[in-house]
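Examining the three-dimensional arrangement
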Amino acid sequence: MSSAVCQSEFCNQGWSEVLTHMSPYGYASFGVAFGLGLSVVGAAWGIWLTGSSLVGASVKAPRIRSKNLISVIFCEATAIYGVIMAIILANKIKKPEDTGFYLDQNWDYAGYYYAGYGMFSAGLSVGLTNIASGISVGIAGSSCAIADAQDASLFVKILIVEIFASALGIFGIIVGIIQSNACTFPIAAMEG
Amino acid sequence: MTTIAPSCGTGDLTTFNILHAFPEALVRGMRSSFLRDPEYHHLTQCESLDDARLNLTETDYSEVLADSSTMTPASLQKAAIQKLVTEFQYLRSQAVQPLSQFLDFITYEYMIENVILLLKGALSGRDINELIEQCHPLGMFKESTMRSIPTFENSAKGYMDLYQTVLVDTPVGPYFSLFLQESASHHGGDSRNVLEEVEIEIIKSSLIKYWIEDFHQFTQKLGGDTAKLMGDLLNVRADTNAINITLNSFGTPLNEPAMRSSDRKRLYPAVGHLYPAGTSMLVDVADEEELGRVLELFPQYSAIWNVHANGQGDKSIDDCFYERDVEMLELAFESQMHYAVFYAYVKLKEQEIRNLVWISECILQQQKDEINKFVPVFSFHAPWREMKPRR
């Protein structure tokens with residue numbers, strides 16, 4: 001079989017090239033997409049989990065209607081984290097100045113790849129933590145609405161559970177911002 | 001009989017709310033309509049039914065009592081059942097599959113009761129309209145179906161005709177057909193020769209047995225928390241039936257050795273903690289002492305049986321069963337995202353209606369010392385809570 005393997009320098013060297021040869025711009029853009037998309041999935045999941053219980057519980061106990069919208073707001077916050085991260089990342093993706101067909105020899109390749117990978121993982125951090133946070137707030141919010149309908153003193157106590165669940169999303173965006181802080185796409189060749 | 005498979009699962013913690021959050025939140029809101037300890041206290045202090053009615057107008061029952069000017073235990077029961085039916089129909093109209101099938105299963109029990117009521121009424125020659133008035137509203141068939149049930153004769157051919165023309169289209173048709181098949185195979189003949197002398201009570205026990213087994217299989221197919229909780233509740237229900245059948249058969253022809261292994265055995269449900277070892281032992285039980293010995297082997301029933309056997313404080317075995325049932329049904333409200341809460345709501349509401357009827361009867365007959373013998377629902381002073389020592 002080895003005779004059939006292509007030896008020229010233009011040939012692929014295996015499946016690992018799928019990962020190593022993807023453009024950093026591709027990685028960064030997927031980071032934006034995952035960050036925003038997964039956050040919104042988490043927020044939406046949380047909202048329908050808590051919203052449907054809220055409308056059912058408020059049939060017999062109308063007083064809970066306004067207070068329990070806080071649960072929906074907590075879920076919405078996870079989507080906002082995703083939007084913040086996506087905007088920060090999208091602003092960092094810059095097109096290089098006109099370089100011709102190939103990049104310059106003095107191109108900051110290290111920074112180039114660092115930026116791509118960094119933004120991808122920042123997007124994943126935010127997106128995946130926000131899915132978990134959104135579902136968690138949703139289930140807790142659903143139980144909060146039902147419990148509040150029975151006994152008004154339970155609302156504040158269960159809200160504390162939701163606050164902790166919502167903190168998970170904050171962890172994601174903090175780490176995401178730290179990761180993407182040092183990522184800058186080079187737009188011109190380095191001097192010297 | 002194969003149970004209908006549910007169209008999909010119930011959904012777990014993360015997906016249950018898609019289809020069932022609204023009805024579940026509704027039924028949990030209805031939980032606050034149960035009478036509390038202070039309200040029961042006021043009711044038991046009443047001197048007359050008008051006082052009781054005044055107290056009830058401050059509870060959730062105010063709307064249903066507003067129409068009538070005076071209250072009797074019978075009218076109170078009717079109004080309370082009508083309230084339960086309205087709430088149940090609201091839930092049923094908001095439910096989708098498989099919750100709607102589950103709620104239908106809950107109504108089949110009342111359909112069976114109605115069919116038996118109509119058959120019994122036909123035997124004693126009562127007026128059909130009177131009978132339909134007495135039917136439980138949760139288990140109503142079409143009017144035409146119900147009017148035609150008493151017109152069939154109480155004979156083998158009559159039952160066969162009844163099944164083939166009327167009951168086969170109703171949801172309880174399969175249970176009736178199973179009953180006819182089993183009786184036919186047991187009597188080794190054509191099903192037309194069957195049921196010459198079968199009592200209506202035996203028909204009812206058989207239909208209920210098939211219903212419990214069918215419901216149990218359905219809930220097991222649903223899976224998840226529903227299967228666990230409903231499995232437990234229906235097991236306990238089946239055991240209660242088995243014990244009651246055995247207890248009620250003492251002193252009747254069903255207790256003769258020949259009948260025991262053939263007829264009584266066929267009435268025990270094929271689900272429950274007592275199945276299969278316990279029920280096979282129950283087949284040979286001839287009197288209360290032997291029944292006590294069999295139940296000693298099952299810790300959850302030996303305590304109940306001891307209360308009955310020792311005759312402590314004139315609490316009947318039915319009261320003990322009701323207490324145990326209420327304790328278990330209240331636990332169904334403890335967790336979310338399952339269907340058992342719907343079944344528990346209907347059963348607990350029934351218990352509350354029984355309590356109200358008991359209290360109003362005691363007030364009517366001026367029996368003040370008997371008035372506290374009811375099982376309160378969701379009460380801090382429930383018998384099982386008071387028995388546990390506070391730490």
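Parameters at a glance
Residues numbered from 1 in each chain as written. Chains lettered and ligands numbered in written order. Predicted model: local features only at pLDDT ≥ 70, side-chain atom pairs only at ≥ 80, totals over all residues. Heavy atoms only, no water. Helix = DSSP H or I, 4+ residues; strand = E, 2+ residues; numbered from the N terminus. Rg over C-alpha atoms; globule rule 2.2 N^0.38 Å. Buried < 20%, exposed > 50% of the residue type's maximum accessible area, 1.4 Å probe, protein only. Contact = heavy atoms within 4.5 Å. Areas by Shrake-Rupley, 256 points an atom, 1.4 Å probe, with all protein chains shown as cover. Lys, Arg positive; Asp, Glu negative; His and termini not counted. Charge placed at Lys NZ, Arg CZ, Asp CG, Glu CD. Expected span 1.5 Å × (residues − 1). Buried area = accessible area lost by both parts, 1.4 Å probe. Polar contact = N/O pair within 3.5 Å; in protein donor to acceptor, adjacent residues only side chain to side chain. Axes fitted to C-alpha atoms, helices over the stretch in contact; angles between N-to-C directions. Parallel < 35°, antiparallel > 145°, perpendicular 65-115°, else oblique. Left-handed = near helix turned anticlockwise from the far one by under 90°. Phe/Tyr/Trp six-rings, centres within 6.5 Å; stacked < 30°, edge-to-face > 60°. Salt bridge = Lys/Arg side-chain N within 4 Å of Asp/Glu carboxyl O. pLDDT = per-residue confidence, 0-100. Patch = residues over 30% accessible without salt bridge, like charges linked within 9 Å, V, L, I, M, F, W, Y side chains within 5 Å.

This brings us to the overall build of chain B. From N to C terminus, chain B includes 19 helices and zero strands. What you see for chain B is a C-alpha radius of gyration of 22 Å, in line with the 21 Å of a compact globule of 391 residues. If you line up chain B on its principal axes, its C-alpha atoms span 60 × 50 × 50 Å. Here chain B holds 391 residues, and the buried ones make up 52% of them. In chain B, the share of contacts with a sequence separation of at least 24, taken over all contacts with a separation of at least 6, comes to 67%. Summed over its atoms, the accessible surface of chain B is roughly 17800 Å², and 51% of this surface lies on carbon and sulfur atoms. Distance from the positive charge centre (34 side chains) to the negative charge centre (55 side chains) of chain B: 3 Å.

Along the backbone of chain A there are six helices and zero strands. Written out in order from the N terminus, the α and β elements of chain A read α-α-α-α-α-α. Computed over the C-alpha atoms, the radius of gyration of chain A is 23 Å, more than 25% above the 16 Å expected from 2.2 N^0.38 for a compact globule of 192 residues. A total of 192 residues make up chain A; the buried ones form 42% of that total. Of all intrachain contacts in chain A linking residues separated by at least 6 positions in sequence, the fraction that spans at least 24 positions is 88%. Carbon and sulfur atoms make up 70% of the accessible area of chain A, which amounts to about 10400 Å² in all. A gap of 26 Å separates the mean positions of the 8 positive and 11 negative side-chain charges of chain A.

Moving on, we come to helix α16 (residues 299-310) of chain B. All names here are of chain B. Taking 1.5 Å per residue, twelve residues should reach 16 Å; α16 reaches 17 Å between its end C-alpha atoms and fits that length. All of the buried residues in α16 are Y301, S302, I304, W305 and V307. Those residues of α16 that are buried lie in contact with α12 (224-249), α15 (288-296) and α17 (317-331). Phi for G311, located one or two positions after α16, is positive at around 60°.

Let us now look at the interface of chain B and chain A. On the side of chain A, 16 residues touch chain B, which itself brings 18 residues to the contact. Across the chain B to chain A interface the summed buried area is about 1400 Å²; carbon plus sulfur atoms make up 64%. By the criterion of area lost to chain A, the three top residues of chain B are T14(B), N17(B) and Q336(B), representing 32% of everything that side buries. At the junction of chain B and chain A, the tally comes to seven residue pairs in polar contact (both at pLDDT 80 or more). Contributing elements (two or more residues each) for the side of chain B that touches chain A: α1 (16-30) and α5 (73-94) of chain B. Among the elements that take part in the side of chain B that touches chain A, α1(B) stands out by supplying nine residues, more than any other.

Our next topic: unusual backbone geometry. Residue and element names in this part refer to chain B. The residue after Q97, namely P98, is reached through a cis peptide bond having omega -10°. Position of P98 relative to the elements: it lies in the loop between α5 and α6 (99-123). Residue Y275 is joined to P276 through a cis peptide bond whose omega torsion reads -5°. Note on placement: P276 falls in the loop between α13 (257-264) and α14 (277-282). The phi angle at M337 is positive, at roughly 65°, despite the residue not being glycine. Counting through the fold element by element, M337 comes out in the loop between α17 and α18 (340-364).

Moving on, we get to the packing of α17(B) against α18(B). All names here are of chain B. In the contact formed by α17 and α18, the axes pass within 10 Å of each other and the chain directions differ by 140°. Classified by the angle between their axes, α17 and α18 sit oblique to one another. Judged by the twist between their axes, the crossing of α17 over α18 is left-handed. Across from Y322, V326, L329 and E330 in α17, the residues of α18 making contact are Y343, A344, K347, L348, Q351 and R354.

It is worth spelling out the environment of F164(A) at this point. On the secondary structure map, F164(A) appears in helix α6 (residues 154-181). On a C-alpha basis, the gap between F164(A) and S136(A) in space is 9.5 Å, while along the polypeptide they are 28 residues apart.

Moving on to the packing of aromatic side chains. Under the defined criterion, the tally for this structure stands at 27 aromatic pairs over all chains. Plain terms: the ring middles of Y40(B) and F374(B) are 4.8 Å apart, the flat faces sit at 35° to each other, and that makes the pair tilted. Residue Y40(B) is found in helix α2 (residues 37-44), and its partner F374(B) is found in the loop between α18 and α19 (383-387); the two are separated by 334 residues along the sequence. Using a relative accessible area of 15% as the deciding quantity, one classes F374(B) as buried. In this structure an aromatic cluster arises from ring pairing among Y25(A), Y27(A), F30(A), F34(A), W107(A), Y109(A), Y112(A), Y113(A), Y117(A), F120(A) and F185(A).

Bringing the side chain of K92(A) into the picture now. Residues and elements named next belong to chain A. Residue position: K92 is located in helix α4 (residues 69-92). One buried charged side chain, K92, makes no salt bridge at all; its nearest oppositely charged neighbour is D108, positioned 13 Å away. Excluding residues that lie within four positions of it along the chain, K92 makes contacts with M119, S180, N181, C183 and F185.

Another point: the pattern of salt bridges. A side chain of one charge can pair with a side chain of the opposite charge if their charged atoms are brought near each other. Residue and element names in this part refer to chain B. One pass over the full model with this rule turns up 19 salt bridges over all chains. The salt bridge involving E87 is made with K83; its shortest N-O contact spans 3.2 Å. Taken as a pair, E87 and K83 lie in helix α5 at a separation of four residues, close to a single helical turn. One exposure class covers both E87 and K83, and it is buried. Close ionic contact of D263 with R266 constitutes a salt bridge, the shortest N to O distance being 3.3 Å. For D263, a relative accessible area of 16% corresponds to the buried category. One connected set of salt bridges, linked through shared partners, spans E109, R237, K347 and E350.

Attention now moves to the confidence of the model for chain A. Looking at chain A, pLDDT values average 91 and 97% of them are 70 or higher. Averaged pLDDT values over the elements of chain A bottom out at 83 in helix α1 (residues 16-20) of chain A and peak at 96 in helix α2 (residues 24-60) of chain A.

Residue-level pLDDT values for chain B average 85, and 93% of them are 70 or greater. The complex model carries a pTM of 0.91, and its ipTM stands at 0.86.

Turning to a nonpolar patch on the surface, a few remarks are in order. All names here are of chain A. Residues L36, V40, V83 and I87 make up a contiguous nonpolar surface patch of about 290 Å² in total accessible area. Of all the elements in the fold, those that place two or more residues in the nonpolar patch are α2 and α4. As for its position among the elements, V83 is in helix α4. Judged by relative accessible area, V83 falls into the partly exposed class, the value being 37%.

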